[in-house]
Amino acid sequence: MHFLRDKGFDHAHRCEITPRATYERRRELLKLLGCGVAGAAMASWAARDAHAQTARPGKLAALSGARSAVSGGATMEKPSAYVDATGYNNFYEFGTDKGDPAQNAHTLKTRPWTVAIEGEVKKPKVYDIDELLKLAPMEERIYRLRCVEGWSMVIPWVGYSLAELIRKVEPTGSAKYVEFVTLADPKTMPFVGSGVLDWPYAEGLRLDEAMHPLTLLAFGMYGEVLPNQNGAPVRAVVPWKYGFKSGKSIVKIRFTAKQPTTSWVKSAAQEYGFYSNVNPEVDHPRWSQATERRIGEDGIFAKKRPTLMFNGYGPQVASLYAGMDLKKNF
Ligand SMILES: Nc1nc2c(c(=O)[nH]1)N[C@H]1C(S)=C(S)[C@@H](COP(=O)(O)O)O[C@H]1N2
Ligand SMILES: [Mo]
């Protein structure tokens, strides 16, 4: 996708422009065919496609959540179609093209699964995923997701605030940061072992960011458990930051005194900062961040949307960054 220039990838060509154009053309074509130009089979395919935007997809085990009472926890924007949310992904462990995770992630084994809580906590513990699932009541959170590449979606997640878990494990006074380490299993993840990124994929947050009620530990989406390509069985979702801060398929959460390095900072520190808050005023060195394409409404003639400061979550999160220079701390 974005930064692989240094390692000899022309990512803009390979992972972004060509596949997205192809993908959009296919969707546009299906829409046109749905308007009666083609036969009944195609029309019904398109109708099912439209219906999928609201109905439970019925593909995986149900996992429902109560409507969230967290401020900013449910955008009124229309959720993206399930086919888009599950078919257009970044999950580099399974390949760098947007369609690769949906194609390849069936090999991921999500049981047995544990998440180790380590570092600066009074109660370190290895949680079994099924215990973690029951740790707090599930909520539905409808969040905008803004990728650093310039596309966005709206996804109804199911999970609970990461703060619920953090409170249980009792960070010590030295804990200032939280590091998320995700699975790196070369047997089931075909791109682990490639030089594309430094594995395991690791991300980090400041402790107060991790404690913010909007920071979600997600186990499901669209009323069902997470599809593998979306980070099953458990992932983070940090809606005011670029998508790559939201690590998928987490196996370890470590509390630290020092700011952890992250996979993206290691790969290109001048392009991907530790904070990576969505900010239309701070351009990526190679492209503007002022606008975005909403996947699903991004036909060839569709207008881009303006990107909002903190992805629209400023009223909830701006105070975390009071007094900070966000051009320096990008
Ligand atoms: N382990 C892991 N987590 C990851 C990534 C990845 O490559 N590996 N990609 C990130 C990026 S760039 C984005 S935009 C989001 C995409 O999440 P989605 O597939 O649910 O849309 O996942 C993030 N989490
Ligand atoms: Mo992303």
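Predicted model only: the values in this text are computed from it and were never measured.

Thresholds applied
- Residues numbered from 1 in each chain as written.
- Chains lettered and ligands numbered in written order.
- Predicted model: local features only at pLDDT ≥ 70, side-chain atom pairs only at ≥ 80, totals over all residues.
- Heavy atoms only, no water.
- Salt bridge = Lys/Arg side-chain N within 4 Å of Asp/Glu carboxyl O.
- Helix = DSSP H or I, 4+ residues; strand = E, 2+ residues; numbered from the N terminus.
- Core = buried A, V, L, I, M, F, W, Y, C linked by side-chain atoms within 4.5 Å.
- Buried < 20%, exposed > 50% of the residue type's maximum accessible area, 1.4 Å probe, protein only.
- Contact = heavy atoms within 4.5 Å.
- Near = heavy atom within 4 Å.
- Polar contact = N/O pair within 3.5 Å; in protein donor to acceptor, adjacent residues only side chain to side chain.
- Areas by Shrake-Rupley, 256 points an atom, 1.4 Å probe, with all protein chains shown as cover.
- 1 Å grid on protein atoms, 1.4 Å probe; cavity = no way out; pocket = protein on both sides within 12 Å on 5 of 7 lines; lining within 4 Å.
- Sits in = over half its atoms within 2 Å of the grid points.
- Nonpolar A, V, L, I, M, F, W, Y, C, P; charged D, E, K, R; others polar.
- Points joined across faces, edges and corners; volume = space filled by probe spheres on them.
- Pairing = 2+ DSSP bridges.

S.K.: Please explain the pattern of salt bridges as it appears in this structure.
M.R.: Any two side chains of opposite charge can pair if their charged atoms end up close together. Applying the stated rule across the entire model yields 20 salt bridges. Ionic pairing is found between Asp130 and Arg111, a salt bridge with its closest N-O pair at 3.0 Å. Here the residue Asp130 occupies a position in helix 5 (residues 129-132), and Arg111 occupies one in the loop between helix 4 (100-104) and strand 2 (114-119), the gap between them amounting to 19 residues. In this structure, Arg254 engages Glu179 in a salt bridge whose closest nitrogen and oxygen atoms are separated by 3.0 Å. Taken together, the residues Arg254 in strand 11 (residues 250-256) and Glu179 in strand 6 (residues 177-182) connect sequence positions 75 residues apart.

S.K.: Sorry if this is basic, but what is going on with the nonpolar core here?
M.R.: One finds Ile117, Trp157, Leu165, Phe219, Trp240, Ile253 and Phe255 to be the most contacted residues of the largest nonpolar core, which totals 79 residues. Of all the elements, strand 5 (residues 151-161) adds the most residues to this core, at six residues. Beyond its immediate stretch of four places on either side in the chain, Phe255 contacts Ile117, Glu118, Gly119, Glu120, Val121, Ile166, Val169, Pro171, Ala175, Tyr177, Val178 and Leu207.

S.K.: What is the right way to look at the site of ligand 1 in this model?
M.R.: The environment of ligand 1 is formed by 18 residues, the closest being Asn89, Tyr92, Arg235, Ser246 and Lys248. Asn90 has a polar backbone atom sitting 3.3 Å from a nitrogen atom of ligand 1. With the chains in place, 100% of the 530 Å² that ligand 1 exposes on its own is no longer accessible. The pocket occupied by ligand 1, as judged from atoms lying within 2 Å of grid points, is the largest cavity. Along the lines of polarity and charge, the residues of the shell around ligand 1 split into eight nonpolar, seven polar and three charged.

S.K.: Can you walk me through empty space enclosed by the protein in this structure?
M.R.: Rolled over the atoms, a probe sized like a water molecule indicates the empty space that remains. Applying the stated criterion to the full structure yields four cavities of 30 Å³ or more. Within this model, the largest cavity holds a volume of roughly 310 Å³. Every residue lining the largest cavity is counted, 24 residues in all, and those nearest its centre are Asn90, Arg235, Gly243, Phe244 and Lys248. Tallying contributions element by element places strand 5 first for the lining of the largest cavity, with four residues.

S.K.: Explanation requested: the pairing of strand 8 (residues 216-221) in the structure shown.
M.R.: Within a regular beta strand, the side chains point alternately toward one face of the sheet and then the other, so they alternate between its two faces. Burial analysis of strand 8 places six of its six residues in the buried class, which makes it a mostly covered element. Where strand 5 lies against strand 8, five bridges are found, and the strand directions are antiparallel. Looking across to strand 8, one finds that Val158 is bridged to Gly220. Bridge count between strand 8 and strand 10 (residues 235-237): three bridges; the pairing is antiparallel. Residue pairing across strands places Ala218 opposite Arg235, the latter belonging to strand 10. Strand direction decides the pairing type here: strand 8 and strand 9 (residues 224-225), joined by two bridges, are antiparallel. Bridge assignment links Gly220 to a residue of strand 9, and that residue is Val225.

S.K.: Where do I start with unusual backbone geometry in this structure?
M.R.: Cis geometry is found at the peptide bond from Arg111 to Pro112, where omega equals -10°. By the element assignment, Pro112 lies in the loop between helix 4 and strand 2. For the peptide bond that leads from Trp199 to Pro200, omega is -5°, which places it in the cis range. Position of Pro200 among the secondary structure elements: in the loop between strand 6 and strand 7 (202-206).

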